[in-house]
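Results of the structural survey
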Amino acid sequence: MKPPKVDSAAMSRLSGLAANRMAIEAIDPEIDAGRFAAKAVIDRPFVVEADLFGDGHEVFGASVMSRQAGGKTWTEARMRHVENDRWRATLTFDQLGRHEYTILAWRDLFAAWRRDTAKKIAAGQDVGVEIQEALEILDRAEAKGADLRALKSLRKAASGKNAQDALMSDETADLMDRIGPRANLTQYDRDLPVWVDRELAAFSAWYELFPRSTGPEGQHGTFRTVIDRLDYVKDLGFDVLYFPPIHPIGRTNRKGKNNSLKAEPDDIGSPYAIGSEDGGNMDVHPQLGTLDDFDALVAAAADKGLEIAIDVALNASPDHPWVKEHPDWFERRPDGTIKYAENPPKKYEDIVNFRYYLDNGDPNRPFWIAIRDMFLFWASHGVLCFRVDNPHTKPFPFWEWIIDEVHARHPEAIFLSEAFTRPKVMKRLAKVGFNQSYSYFTWRNTKDELTEYLTELTTEECRHTMRPNFFVNTPDINPIFLQSSGRAGFRTRAILAASLAGNWGLYSGFELCEGTPLPGREEYLDSEKYQLRHRDFDAPGNIKDDIRLINRVRRDQPAMRDFTNLRFYPAHDDRVMWYGRLDPATDNYVFFHVLLDPHAGAEFGFEVPMWEFGLPDEASIEVEDLIHGNRFTWHGKHHTLRLDPDERPYAIWRLIPPGKA
């Protein structure tokens, strides 16, 4: 009988399969099979996990290999077994930008030999043959430097009368863990991307104001008058000062006060209707000053530790210079007339739509390039924080390309997505590159709503890509809750936003508890989007002290910097939230009680999470009141507290486990 013919395709498949004996599965993070990058922060731990296993009863080893994208040198971080074939490693990145990582797994021959030989020794069996096996494993080890010298000494000792002691020592185990042969070395079949940001992308406090409202009563503000407000913003504890659009405003179909379709001669218009005879998206409104004035403002802010963020609204007034210069950059109706923006039934008659794709399906390349160059222009003027207006109404590929292009030149740039839209759309925008994202926090008010939403954001896959920025209000959104909650409600929402998220922000006037709505609308009466607003920032009833306090706590307590370390605990009243931010690496544990009801107090029981510190329920733990500064001790797990909306609707504690400072 003739032997079967060799099937080259079968042999090729055999070789490919045999080369990957180890199973590497369920990597976390791995975003859409590596299509998108997970996000990390420079010099902060980045945890990688995977299921790793092989056949039989072998002992395995694994590593995460990482490098800058396209680099030649890999850095190795050993993975350690956690439980049930789950392995984990912690990386840190010391450079901004795009990196990549993959996983190696192997059969650890020496560790398996040591485990099995120890059992035989314990059973009183002769291990002479096992000693010979160990010598063969040593011959396959690869080492250099001090490890090579140690290997030579080990070989010598393993050939002598004390071979067993030398081979079974802990020092030998550590050495072979580093240099031992990696049998059936298997590499994951792709390199996974990770984007490394500076810390401000993950931990920041934003304050929004309209520069045109910073002048004296009845006068248009300027970039120079904003400089006079910098100390105020810094004193409140913010690190990003954010402006709505600062560009020339069109006159065609200009909106009047309260979004009226008829503008009076002295109405200043919406800054979102960008473009006039004075310029477009790379120009500044002449009443605000000049680019030199803007540069002076950016420099003055930097001197005080503030970054300037600008609103990038891809809107154009019908008066925008590009309408005449590049008519093919705008959407047209079948009759050739330009198409106004609308979100039925809403219409924005003062804004026209840009055209992102041509009729043949190709991208409108000159327009894409112009927008990229617009971002780079503002980056050249010291702006590296961009809040992007309604990005969900523009194509995902457009944003992915724009952000990649800007990050290639400015990896420190931060893009904030202002997308109040469907959950999957918001998450896709984060995947394509936005460093921060608006969220549904504005509409989550009850204990169940907040707990469910925060659990999603901090534990599901989106935690690797979507960093929420909890804005308590915006010029567009006057939340229903704040319209009738009084001062207590503003204090509650501020503490929630600042303590639940890594990034938070407010729009000027929130600290004065402004909440008067347009009747029946989630909008402000006399909206600043259409007129100047002059405020007395020392008016009675303000909550500036609350804002200073929470920003100080955020700044001083290391646990506040990692958004994903949030945990919820039992408080036996549906109107009260009890949660903590835990950082074992720094032994920093910060906890919050927050009363959600702005109209009535609550006396409630709660459970101190002794289990988080490995303590029994009846143990004692030291507590620091981070509001008043005093220390005391909680004895046992069960306690009672009262919060009153007219006094202070929240409490902030630092728990100090036994033996810690």
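Residues numbered from 1 in each chain as written. Predicted model: local features only at pLDDT ≥ 70, side-chain atom pairs only at ≥ 80, totals over all residues. Heavy atoms only, no water.

Pairing within the open sheet is antiparallel, and its four strands lie in the order β1-β3-β7-β6. Only two strands of the sheet have a single partner each, and these edge strands are β1 (23-28) and β6 (80-83). Taking each pair of neighbouring strands and ignoring which way they run, the sheet shows an average axis angle of 35°. Pairing of strand β3 (residues 46-53) with strand β7 (residues 86-91), which is carried by six bridges, proceeds in the antiparallel orientation. (Pairing = 2+ DSSP bridges. Helix = DSSP H or I, 4+ residues; strand = E, 2+ residues; numbered from the N terminus. Axes fitted to C-alpha atoms, helices over the stretch in contact; angles between N-to-C directions.)

Right, let's get into the sheet that holds strand β20 (residues 503-507). In spatial order, the strands read β18-β17-β16-β13-β12-β11-β20-β19; together these eight strands make up an open sheet with parallel pairing. Since the sheet does not close on itself, it has two edges, and those belong to β18 (436-437) and β19 (469-471), each with one partner. Of the pairings in the sheet, the one linking strand β17 (residues 414-418) to β18 comprises two bridges and is parallel in character. Paired with L416 across the strands is Q436, a residue of β18.

Inspection of every chain in the model, using the stated rule, returns 55 salt bridges. Two residues, D538 and K544, come together in a salt bridge whose shortest N-O distance is 2.7 Å. A relative accessible area of 59% places D538 in the exposed class. A salt bridge links D573 to R575; its shortest N-O distance comes to 3.1 Å. (Salt bridge = Lys/Arg side-chain N within 4 Å of Asp/Glu carboxyl O. Buried < 20%, exposed > 50% of the residue type's maximum accessible area, 1.4 Å probe, protein only.)

Here the UniProt feature "site: Transition state stabilizer" (unreviewed entry) sits at D476. In this structure, D476 sits in the loop between β19 and α15 (480-484). When its relative accessible area of 26% is taken as the criterion, D476 is described as partly exposed. If near-sequence neighbours (up to four positions away) are discounted, D476 is found in contact with R387, E418, E522, E523 and K529. (UniProt positions renumbered as here; feature names shortened; annotations may be inferred. Contact = heavy atoms within 4.5 Å.)

This paragraph deals with the UniProt feature "domain: Glycosyl hydrolase family 13 catalytic" (unreviewed entry) in the protein chain. Feature annotation in UniProt assigns "domain: Glycosyl hydrolase family 13 catalytic" (unreviewed entry) to the following positions: residues 204-548. Along residues 204-548, the helical share is 31% and the strand share 13%, with 14 Å between the first and last C-alpha atoms.

Attention shifts here to the nonpolar core. Core analysis: the largest hydrophobic core is formed by 134 residues, its most contacted members being I103, Y207, F294, F375, W399, W504 and I652. In terms of residues, this core owes the most to one element, helix α11 (residues 365-380), which gives nine residues. Sequence-distant contacts of W399, that is, excluding residues within four places in its chain, are made with L314, F375, V388, P391, K394, L429, V432 and F434. Grouped together as the second largest cluster of nonpolar side chains are 24 residues, L595, F606, L641 and L643 included. (Core = buried A, V, L, I, M, F, W, Y, C linked by side-chain atoms within 4.5 Å.)

Glancing now at the packing of aromatic side chains. Aromatic rings in a pair are described by how distant their centres are and how their planes are angled relative to each other. Applying the stated rule across the entire model yields 50 aromatic pairs. With centroids separated by 6.2 Å and ring planes inclined at 45°, the aromatic side chains of W368 and W401 adopt a geometry described as tilted. With W368 in helix α11 and W401 in helix α12 (residues 396-409), this residue pair connects regions lying 33 residues apart in the sequence. A ring pair is formed by Y438 and F471, whose centres lie 5.1 Å apart and whose planes are at 20°; its orientation type is stacked. Of the two residues, Y438 is situated in the loop between β18 and α14 (447-459) and F471 in strand β19; the sequence distance between them amounts to 33 residues. (Phe/Tyr/Trp six-rings, centres within 6.5 Å; stacked < 30°, edge-to-face > 60°.)

Structurally, S15 can be placed in helix α1 (residues 8-18). Along the chain, S15 and L154 lie 139 residues apart, while their C-alpha atoms are 35 Å from each other.

Time to look at unusual backbone geometry. With an omega of 5°, the peptide bond between D28 and P29 qualifies as cis. For P29, the location among the structural elements is in the loop between β1 and β2 (38-41). The backbone of N84 sits at a positive phi, close to 50°, despite the residue not being glycine. The topology assignment puts N84 in the loop between β6 and β7. Since its relative accessible area comes to 71%, N84 is described here as exposed. Unlike most non-glycine residues, D526 shows phi in positive territory, near 55°.

Attention now moves to the domain arrangement of the protein chain. When its domains are assigned, the protein chain resolves into domain 1 (8-196), domain 2 (240-314 + 363-557) and domain 3 (566-656). Relative placement of domain 2 and domain 3: their C-alpha centres are 32 Å apart. The partner domain 3 presents 26 residues to the 26 residues of domain 2 that form the contact. With both sides pooled, the region where domain 2 packs onto domain 3 buries about 2100 Å², and carbon together with sulfur makes up 63% of that total. Counting the surface domain 2 buries against domain 3, the share from its top three residues, K447, R491 and Q557, is 29%. For the interface between domain 2 and domain 3, the tally reads one salt bridge. R648 is paired through a salt bridge with D546; the nearest N and O atoms lie 3.8 Å apart. No other element matches the eight residues that helix α16 (residues 486-500) contributes to the side of domain 2 that touches domain 3. Looking at the side of domain 2 that touches domain 3, its residues break down into eleven nonpolar, eleven polar and four charged. (Domains from an automatic or database assignment. Buried area = accessible area lost by both parts, 1.4 Å probe. Nonpolar A, V, L, I, M, F, W, Y, C, P; charged D, E, K, R; others polar.)

Taken together, the side chains of D448, E449, E452 and D574 define an acidic patch exposed on the protein surface. With respect to the helices and strands, the residue D574 is situated in the loop between β21 (566-568) and β22 (576-583). Note on D574: relative accessible area 66%, which makes it exposed. (Patch = residues over 30% accessible without salt bridge, like charges linked within 9 Å, V, L, I, M, F, W, Y side chains within 5 Å. Areas by Shrake-Rupley, 256 points an atom, 1.4 Å probe, with all protein chains shown as cover. Lys, Arg positive; Asp, Glu negative; His and termini not counted. Charge placed at Lys NZ, Arg CZ, Asp CG, Glu CD.)

Turning next to the packing of helix α4 (residues 146-158) against helix α6 (residues 170-179). One can describe the packing of α4 onto α6 by two numbers: an axis separation of 11 Å at closest approach and a directional angle of 125°. Between α4 and α6, the crossing angle belongs to the class labelled oblique. Like other packed secondary-structure pairs, α4 and α6 cross with a definite hand, here left-handed. Counting all contacts with α4, which are made through D147, A150, L151 and L154, the residues of α6 involved are T172, L175, R178 and I179. Taken together, the residues of the contact of α4 with α6 break down into five nonpolar, one polar and two charged. (Parallel < 35°, antiparallel > 145°, perpendicular 65-115°, else oblique. Left-handed = near helix turned anticlockwise from the far one by under 90°.)

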